[in-house]
Amino acid sequence: MWYKNEEEQQLAEYLIGLEKAALDKWFDGDTSGYEQLWSKHSFTYFDSVSDKRVDDHETIAQFLKTIDGKLFAQSYDFRVPRVQIGKDMAVLTYQLFADTSLINMAYDCIEVFQKEENGEWHVIHSTWSFIRPMAHDFNKAKAIV
């Protein structure tokens, strides 16, 4: 495995658990899991459907309100997670697949976690990018708002 010791493995499992808890809510139409997971102090976000980076939590929270209660999936596939750990920072990468009420998802996801001053771990940067975008038919996507 990739972890130097049991402490790193436990941290990796904890961070994956935070992400999965947010995803469980996400696919039940509840965006609050990510709103809470993403840092209110320092946050950036890239998504394949946007042409600009989001540079703060306030902006992403406004976006989340537009899809709250609208995105649902009966299940999702969380594949090949890996956590790379540094001092008070960690990077979680994984692939996400789900057929949702809005779009069929096939994403490469990157979540950069930082241990904040209060000792809690939050995501300071998130990227969700389509896996092989040239292979997708984006005409099947439903309007978000």
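Preceding this section is the structure that the text describes.
Residues numbered from 1 in each chain as written. Predicted model: local features only at pLDDT ≥ 70, side-chain atom pairs only at ≥ 80, totals over all residues. Heavy atoms only, no water.

Trainee: Explanation requested: the overall build of the chain in the structure shown.
Mentor: Tallying secondary structure elements over the chain gives three helices and five strands in all. The secondary structure elements of the chain, listed N-terminal to C-terminal, are α-α-β-α-β-β-β-β. Relative to the compact-globule value of 15 Å for 145 residues, the chain shows a C-alpha radius of gyration of 15 Å, a close match. Taken across its 145 residues, the chain has 39% of its residues classed as buried. The contacts of the chain with a sequence gap of at least 6 include a subset with a gap of at least 24, amounting to 54%. For the chain, the computed accessible surface area is about 8,700 Å², with 49% contributed by carbon and sulfur atoms. The positive charge centre, built from 15 side chains, and the negative charge centre, built from 24, are 4 Å apart in the chain. (Helix = DSSP H or I, 4+ residues; strand = E, 2+ residues; numbered from the N terminus. Rg over C-alpha atoms; globule rule 2.2 N^0.38 Å. Buried < 20%, exposed > 50% of the residue type's maximum accessible area, 1.4 Å probe, protein only. Contact = heavy atoms within 4.5 Å. Areas by Shrake-Rupley, 256 points an atom, 1.4 Å probe, with all protein chains shown as cover. Lys, Arg positive; Asp, Glu negative; His and termini not counted. Charge placed at Lys NZ, Arg CZ, Asp CG, Glu CD.)

Trainee: Would you mind going over the sheet that holds strand S3 (residues 89-99) with me for this structure?
Mentor: Paired through their backbone hydrogen bonds, the strands of a sheet run either parallel or antiparallel. If you walk across this open sheet you meet the five strands as S1-S5-S4-S3-S2, and the pairing is mixed. The open sheet is flanked by strand S1 (44-47) and strand S2 (77-86), the only strands paired with a single partner. Neighbour-to-neighbour, the strand axes of this sheet turn through a mean angle of 15°, independent of strand direction. (Pairing = 2+ DSSP bridges. Axes fitted to C-alpha atoms, helices over the stretch in contact; angles between N-to-C directions.)

Trainee: What is the right way to look at the side chain of Ser126 in this model?
Mentor: Considering the arrangement of structural elements, one finds Ser126 in strand S5 (residues 121-130). Those residues in contact with Ser126, other than ones at most four positions away along the chain, are Trp38, Phe43, Thr44, Tyr45, Phe46, Ile110 and Glu111.

Trainee: Sorry, what's going on with the nonpolar core here?
Mentor: Buried together is how nonpolar side chains tend to be arranged in soluble globular proteins. Formed by 37 residues in total, the largest nonpolar core has its most connected members in Trp26, Tyr34, Tyr94, Leu96, Met105 and Trp128. Elements with a minimum of two residues in this core: helix H1 (6-26), helix H2 (32-37), helix H3 (57-67), S2, S3, strand S4 (104-115) and S5. Of all the elements, H1 adds the most residues to this core, at seven residues. (Core = buried A, V, L, I, M, F, W, Y, C linked by side-chain atoms within 4.5 Å.)

Trainee: Explanation requested: the pairing of S3 in the structure shown.
Mentor: Regular strands place their side chains on alternate faces of the sheet. Judged by which residues are buried, S3 turns out to be one-sided: Ala90, Leu92, Tyr94, Leu96 and Ala98 face inward and are buried, whereas Met89, Val91, Thr93, Gln95, Phe97 and Asp99, on the alternate face, are not. Two strands pair when backbone bridges link them, and S2 and S3 are joined in this way by eight bridges, in the antiparallel orientation. In the sheet register, Gln84 faces S3, and the bridge partner there is Val91. The antiparallel pairing of S2 with S3 creates a hairpin that spans two residues between the two strands, and Asp88 there sits at a positive phi of about 60°. The turn joining S3 and S4, which pair antiparallel and follow one another in sequence, is formed by four residues.

Trainee: Is there a simple way to think about the environment of Arg82 in this case?
Mentor: With respect to the helices and strands, the residue Arg82 is situated in strand S2. Distance in space between the C-alpha atoms of Arg82 and Asp56 is 26 Å, their sequence separation being 26 residues. Those residues in contact with Arg82 that sit more than four places away from it in its chain are Trp2, Val91, Leu92 and Thr93.

Trainee: What am I meant to see in the packing of aromatic side chains here?
Mentor: Any two aromatic rings considered together are summarised by their centre-to-centre distance and by the angle between their planes. Under the defined criterion, the tally for this structure stands at 11 aromatic pairs. Residues Trp38 and Tyr45 carry aromatic rings whose centres are separated by 5.4 Å and whose planes lie at 45° to one another, so their mutual orientation is tilted. What makes Trp38 buried here is its relative accessible area of 2%. An aromatic cluster is present here, built from Trp26, Tyr34, Trp38, Phe43, Tyr45, Tyr107, Trp128 and Phe130 joined pairwise through their rings. Its guanidinium or amino end placed over the ring of Phe97, Arg79 lies 3.9 Å from that ring's centre, counting from NZ or CZ. (Phe/Tyr/Trp six-rings, centres within 6.5 Å; stacked < 30°, edge-to-face > 60°. Lys NZ or Arg CZ within 6 Å of the ring centre and 35° of its normal.)

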